[in-house]
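Structural overview
Each chain is listed here by its residues.
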Amino acid sequence: DRSNPMRLIRAVSFIMHTGKPFSSYRKGFTNKRPFRTLPIVLEMSRTELYARINQRALQMLENGWLEEAKTLFPFRHLKALQTVGYKELFEVIDGHINLKEAIPLIQQSTRQYAKRQLTWWRNQGEWNRAQADDFEGIVELINREL
């Protein structure tokens with residue numbers, strides 16, 4: 001699959017470790033699942049979501065996120081570390097910005113990411129929606145759908 005190099009790498013790795021063709025992994029059928037899924041999107045007001053994002057970034061920093069980023073700094077070129085928060089913390093470690101400047105950037109990047117996720121969910125068809133803090137309503141929704 002020339003348009004999906006990660007899939008190709010996974011397939012070659014599978015072949016090298018098992019000695020079997022990658023196609024042997026795919027059986028061509030799916031097992032019947034002994035359960036039914038009920039997709040629910042948990043929602044909250046944008047104001048509350050953004051406040052939680054801002055607070056969570058601060059909590060993560062208080063809990064040693066910058067120190068963790070320092071241990072990962074030698075691997076900053078890896079795609080897995082080109083993510084919200086780490087990019088900004090690597091800029092701090094590199095001396096391009098200070099932590100006081102990085103915090104609002106991390107919070108803003110996280111809010112933008114959350115907004116993209118909300119847009120993605122909106123375009124995924126009909127999902128059950130519930131307010132995240134409405135436990136009774138969520139239980140009622142589950143019981144109604146069973």
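Report follows, based on the coordinates. (Residues numbered from 1 in each chain as written. Predicted model: local features only at pLDDT ≥ 70, side-chain atom pairs only at ≥ 80, totals over all residues. Heavy atoms only, no water.)

Further remarks concern the overall build of the protein. The secondary structure content of the protein amounts to 6 helices and 2 strands. Helices (α) and strands (β) of the protein occur, in sequence order from the N terminus, as α-β-α-α-α-α-β-α. Computed over C-alpha atoms, the radius of gyration of the protein comes to 21 Å, more than 25% over the 15 Å expected from 2.2 N^0.38 for 146 residues, which places it beyond the range of a compact globule. Based on the C-alpha atoms only, the size of the protein along its principal axes is roughly 55 × 50 × 25 Å. Within the protein, the fraction of its 146 residues that count as buried is 18%. Expressed as a percentage of contacts within the protein between residues at least 6 apart in sequence, the contacts between residues at least 24 apart total 50%. Carbon and sulfur atoms form 55% of the exposed surface of the protein, whose accessible area is close to 11,700 Å². The positive charge centre, built from 23 side chains, and the negative charge centre, built from 16, are 11 Å apart in the protein. (Helix = DSSP H or I, 4+ residues; strand = E, 2+ residues; numbered from the N terminus. Rg over C-alpha atoms; globule rule 2.2 N^0.38 Å. Buried < 20%, exposed > 50% of the residue type's maximum accessible area, 1.4 Å probe, protein only. Contact = heavy atoms within 4.5 Å. Areas by Shrake-Rupley, 256 points an atom, 1.4 Å probe, with all protein chains shown as cover. Lys, Arg positive; Asp, Glu negative; His and termini not counted. Charge placed at Lys NZ, Arg CZ, Asp CG, Glu CD.)

Another aspect to go through is the packing of helix H3 (residues 65–72) against helix H4 (residues 86–94). Packing of H3 against H4 brings their axes to within 10 Å, and their N-to-C directions diverge by 80 degrees. Judged by the inter-axis angle, H3 sits roughly perpendicular to H4. Listed contacts from H4 to Trp65, Leu66, Glu68, Ala69, Lys70 and Leu72 of H3 are Tyr86, Leu89, Phe90, Val92 and Ile93. For the contact of H3 with H4, the residue count by class is 9 nonpolar, no polar and 2 charged. (Axes fitted to C-alpha atoms, helices over the stretch in contact; angles between N-to-C directions. Parallel < 35°, antiparallel > 145°, perpendicular 65-115°, else oblique. Nonpolar A, V, L, I, M, F, W, Y, C, P; charged D, E, K, R; others polar.)

This next bit is on the environment of Pro5. In this structure, Pro5 sits in helix H1 (residues 5–18). Residue Pro5 is classed as partly exposed on the basis of its relative accessible area of 49%.

Counting residues in hydrophobic clusters, the biggest one holds 13 residues, and the most contacted among them are Trp65, Tyr86, Leu89 and Phe90. Contributing elements (two or more residues each) for this core: helix H2 (46–62), H3, H4 and helix H5 (99–122). Sort the elements by how many residues they give to this core and H4 lands first, with 4 residues. Excluding residues that lie within four positions of it along the chain, Trp65 makes contacts with Ala57, Met60, Val84, Gly85, Tyr86, Leu89 and Ile106. (Core = buried A, V, L, I, M, F, W, Y, C linked by side-chain atoms within 4.5 Å.)

Here we come to the packing of aromatic side chains. Given two aromatic rings, their pairing is described by the distance between the two centres and the angle made by the two planes. For the structure on display, the rule yields 5 aromatic pairs. Ring centres 6.1 Å apart and planes at 40 degrees place the aromatic pair Tyr86 and Phe90 in the tilted group. Here Phe90 and Tyr86 lie together in helix H4, a separation of 4 residues that amounts to about one turn. Like Tyr86, the residue Phe90 is buried in the burial classification. In this structure, Arg76 packs its charged tip against the face of Phe73, placed 3.9 Å from the ring centre. The aromatic ring of Tyr50 is capped on one face by Arg111, whose charged end is 5.9 Å from the ring centroid. (Phe/Tyr/Trp six-rings, centres within 6.5 Å; stacked < 30°, edge-to-face > 60°. Lys NZ or Arg CZ within 6 Å of the ring centre and 35° of its normal.)

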